[in-house]
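Single-letter residue listing:
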Amino acid sequence: MAEMGKETGKEMGKEMGKGVTAGKLASTMQKRLTRAQEKVMQKLGKADETKDTAFEETVSNFNKQMAEGARLQRDLRGYMTAVKAMHEASKRLQDCLAEMYEPDWFGKEEVDSMAEDTDMLWIDFHQKLVDSALINMDNYMAQFPDIKNRISKRDRKLVDFDSARHHMASIQKGKKKDEVKIAKAEEELGRAQKVFEEINTELQDELPTLWDSRVGLYVTTFQSLAGVTEKFHNEMGKLSHNLNDVMGKLEDQRHIKNDSKTKTPAKSEDAANHSAESGSIPKSPSKSRPSGPPVPRPPRPSPSKEGLQNDAIDLFGDAATVSMTTPSHDATPTQLDAPGAESNAVANGSSDSGDLPPGVLYKVKAMHDYAATDGDELEMKAGDVVLVLAFDNPDEQDDGWLLGVKESHWLANKNLSARGVFPENFTQRC
């Protein structure tokens, strides 16, 4: 009763604020006191209460629908706020890149243009989300307050109807029949019943329709959201692809400038020979990889002056060689090997030396230490003699690399199984 009194006092204050006349206020107060009394009697079980289970289920669905809609509206607004924040972050990042990008770098104009296009794309994305999703959601949620007030009014009219019904019953049960009071009670009951049934019928028609409309709203909202987002990401993906291309070309530009600065003229042949004679350790050639360009064949160390009298001089690349020997009184004239002689010897599994094992092409001597860096490589120490073998598949041979087995292994085991590849420019032909 105390709570009901407080509510009644608040409502009286509102009515007085609206300039309601004293008679109207008294009538309103009488209705509210009657409703409060009726609710107390119903709770105490001294008066029956009109129940409508189907309508109560409809009201339960309405409350659930309103709560879900409010949550969706709140989360959608949060998403809009996040999009706005991402737009600001993207704009700052693009502006930072445009300011740091120097005028002589490749694609300066493209970078500036992409920054503007990205900014416009974010603005358009946010606006379309507002138009296609948020506005529809706000319109959907705007209808709930009015319906909620009408449900509350319907509950009040139901209490009035129950009160009039109980009043009519109490008069009819009285010992003295007062026709005037009975007629007045019947009139009040009919009026209360009419008002209740009108608003009850309206809500019974509207609430199920409103409940079904939520599916259409969800479909429209999320289809619009998905379509706008998909278009945004497609356009943003194109800009990101273009930016990636510009950055790649800028990197190429940097490499070209660095190469032009560090490029030096090639060493002369005399300088190369001097380097070989000084005993500097050459770099091992890189093995070819499918993803990169082929590695050029590294230069072999030039022979010493003493070896020029005994070793062959490459006159025409690999096409022909001239063998020179130190002349003596009984020596035969200098012999010029015919082109293809060495290749014939290789094909027959023989070499210049007659004591080579079958399958050995020729011998080389390691001039420097070589530490193997892969499982298929042959580790060598300076002074090791290596028997050079032919590759099973010539296509597997990388430029600047030979296949062989140490002579010490052959002498100890009489097999060529411990083979491996090694850099040719670490060796000299015996």
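Reading guide: rules and limits
Residues numbered from 1 in each chain as written. Predicted model: local features only at pLDDT ≥ 70, side-chain atom pairs only at ≥ 80, totals over all residues. Heavy atoms only, no water. Helix = DSSP H or I, 4+ residues; strand = E, 2+ residues; numbered from the N terminus. Buried < 20%, exposed > 50% of the residue type's maximum accessible area, 1.4 Å probe, protein only. Areas by Shrake-Rupley, 256 points an atom, 1.4 Å probe, with all protein chains shown as cover. Pairing = 2+ DSSP bridges. Axes fitted to C-alpha atoms, helices over the stretch in contact; angles between N-to-C directions. Parallel < 35°, antiparallel > 145°, perpendicular 65-115°, else oblique. Left-handed = near helix turned anticlockwise from the far one by under 90°. Contact = heavy atoms within 4.5 Å. Nonpolar A, V, L, I, M, F, W, Y, C, P; charged D, E, K, R; others polar. Phe/Tyr/Trp six-rings, centres within 6.5 Å; stacked < 30°, edge-to-face > 60°. Lys NZ or Arg CZ within 6 Å of the ring centre and 35° of its normal. pLDDT = per-residue confidence, 0-100.

(A) Summary view of the overall build of the protein. Across its full length, the protein holds nine helices and seven strands. The 430 residues of the protein split such that 31% are buried. Roughly 28500 Å² of accessible area belongs to the protein as shown, and the carbon and sulfur atoms make up 54% of that amount.

(B) Structural detail: the sheet that holds strand β5 (residues 401–406). Read from one edge to the other, the open sheet built from five strands follows the order β6-β5-β4-β3-β7, with strand pairing classed as antiparallel. Every other strand in the sheet has two partners, leaving β6 (420–423) and β7 (427–429) as the edge strands with one partner each. Taken over all neighbouring pairs, the strand axes of this sheet differ in orientation by 50° on average, direction set aside. Where strand β3 (residues 360–366) lies against strand β4 (residues 385–389), five bridges are found, and the strand directions are antiparallel. The partner of Lys363 across the bridge, within β4, is Leu387.

(C) The arrangement of the pairing of β5 in detail. The buried count for β5 comes to five of six residues, which makes it a mostly enclosed element. Summarising the sheet, β4 and β5 pair through four bridges and their orientation is antiparallel. Paired with Leu389 across the strands is Leu403, a residue of β5.

(D) Looking closely at the packing of helix α3 (residues 53–100) against helix α5 (residues 144–172). At their nearest, the axes of α3 and α5 sit 12 Å apart, and the two run at 150° to each other. Here α3 lies roughly antiparallel to α5, going by the angle between them. When you trace α3 past α5, the crossing you get is left-handed. Residue-level contacts link Phe55, Val59, Phe62, Gln65 and Met66 of α3 to Phe144, Ile147, Lys148, Ile151 and Arg154 of α5. Here the residues of the contact of α3 with α5 are counted per class, giving seven nonpolar, one polar and two charged.

(E) The packing of aromatic side chains, seen in detail. This structure, assessed with the given rule, holds nine aromatic pairs. Ring plane angle 75° and centroid distance 6.3 Å describe the contact between Tyr370 and Trp401, whose orientation is recorded as edge-to-face. One end of the pair, Tyr370, is in the loop between β3 and β4; the other, Trp401, is in strand β5, and 31 residues separate them in sequence. On the basis of relative accessible area, Tyr370 is assigned to the buried category, the value being 6%. Aromatic side chains Tyr370 and Phe426 sit 5.4 Å apart centroid to centroid with 75° between the ring planes, which places their arrangement in the edge-to-face category. Note that Tyr370 is positioned in the loop between β3 and β4 and Phe426 in the loop between β6 and β7, a separation of 56 residues in sequence. Since its relative accessible area comes to 4%, Phe426 is described here as buried. Taken together, the ring pairs in this structure connect Phe62, Tyr140 and Phe144 into an aromatic cluster. One residue, Arg154, lies across the ring of Phe55, its end atom 3.7 Å from the ring centre. A cation over an aromatic ring shows up here: Arg429 above the ring of Tyr362, its NZ or CZ 4.0 Å from the ring centre.

(F) Broad picture of the confidence of the model for the protein. Mean pLDDT for the protein: 77, with 70% of residues reaching 70 or above. Between the elements of the protein, mean pLDDT differs from a low of 36, seen in strand β2 (residues 321–322), to a high of 95, seen in β4. When the criterion is pLDDT under 50, residues 264–279 qualifies, and its contacts beyond four places in sequence or with other chains add up to nine contacts. Confidence drops under pLDDT 50 across residues 288–353; counting only partners more than four residues distant or on other chains, this segment forms 62 contacts.

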